[in-house]
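The lines below spell out each chain.
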Amino acid sequence: MKKLSVVALVIFAFPLLSPAQTEKADKNAFKDTLIKLEKQSWEAWKKRDGKFFQDFLADDHVEVGSGGRTSKTPVVAFVGSPACIVKSYAVDNFELTMFDANTALLTYHAEQDTTCGGKAVPSPVWVSSLYVRRGDRWLNAFYQQTQAGK
């Protein structure tokens, strides 16, 4: 009888635990997807691949940096230009915040050895990268770096 009770408990309790475990697994898989996209954007930045950013950024993308606010078209042109030289970069400490089913914020730490116009780009930084779902694609809608304390 005791064995039957344990089996019944497992049978009835397992479905109650399963949705939470599935949700966590789905969130982790989604986080991995956004991290992969973010790392691809850093590699595209290093390679001056403006085409990647043309497809990666939302049409209403906003970026805030030390020079102020800018939009998609100037970002794509800047990335594709020879203005900056990225020697190396490293990204880590990723955190994901879901605001709703179509809005996700990826925050993380980044370091880079980059010069633009002969001047060193501030490093290390904390990054905020906001994604929105448009149709079946996740696009970057907002990006900002904040210089980290040393």
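The following paragraphs examine the structure supplied in this document.

Reading the values: rules and limits
Residues numbered from 1 in each chain as written. Predicted model: local features only at pLDDT ≥ 70, side-chain atom pairs only at ≥ 80, totals over all residues. Heavy atoms only, no water. Salt bridge = Lys/Arg side-chain N within 4 Å of Asp/Glu carboxyl O. Helix = DSSP H or I, 4+ residues; strand = E, 2+ residues; numbered from the N terminus. Buried < 20%, exposed > 50% of the residue type's maximum accessible area, 1.4 Å probe, protein only. Phe/Tyr/Trp six-rings, centres within 6.5 Å; stacked < 30°, edge-to-face > 60°. Disulfide = S-S within 2.5 Å. Polar contact = N/O pair within 3.5 Å; in protein donor to acceptor, adjacent residues only side chain to side chain.

Description of the pattern of salt bridges
Under the criterion given, the structure shown has 3 salt bridges. Between D55 and K51 there is a salt bridge, and its shortest N-O distance comes to 2.7 Å. One end of the pair, D55, and the other, K51, are both in helix α2 (residues 50–56), 4 residues apart, so they sit about a helical turn from each other. Overall, D55 belongs to the partly exposed group, its relative accessible area being 36%. Overall, the relative accessible area of 53% leaves K51 in the exposed class. The salt bridge involving R134 is made with D60; its shortest N-O contact spans 3.2 Å. Taken together, the residues R134 in strand β6 (residues 125–134) and D60 in strand β1 (residues 57–65) connect sequence positions 74 residues apart. Relative accessible area serves as the criterion here: at 39%, R134 is assigned to the partly exposed category. Of the residues examined, D60 reaches a relative accessible area of 45% and is grouped as partly exposed.

Some thoughts on the packing of aromatic side chains
Scanning the model with the defined rule gives 8 aromatic pairs in all. Aromatic side chains F52 and F53 sit 5.5 Å apart centroid to centroid with 80 degrees between the ring planes, which places their arrangement in the edge-to-face category. Looking at F53, the relative accessible area reads 8%, which means it is buried. Ring geometry for F56 and Y131: centres 6.0 Å apart, planes at 75 degrees, overall edge-to-face. Linking F56 in helix α2 with Y131 in strand β6, this pair joins segments that are 75 residues apart in sequence.

Let's talk about the state of the cysteines
Across all of its chains, the model carries 1 disulfide by this definition. For C84, the disulfide goes to C116, at an S-S distance of 1.9 Å. Disulfide C84-C116: torsion about the S-S bond near 110 degrees, hence right-handed. Of the two residues, C84 is situated in strand β3 (residues 84–100) and C116 in strand β4 (residues 103–116); the sequence distance between them amounts to 32 residues. Assessed through its relative accessible area of 6%, C84 is described here as buried.

A closer look at the environment of H61
Among the secondary structure elements, H61 is positioned in strand β1. A residue is classified by how much of its surface remains accessible, and H61, at 1% relative accessible area, is buried. When the C-alpha positions of H61 and A141 are compared, they lie 4.3 Å apart, and in sequence the two are 80 residues distant. Here E63 takes part through its side chain, which lies 3.1 Å from a polar atom of the side chain of H61. One polar contact links the side chain of H61 to the main-chain carbonyl oxygen of N140, over a distance of 3.2 Å.

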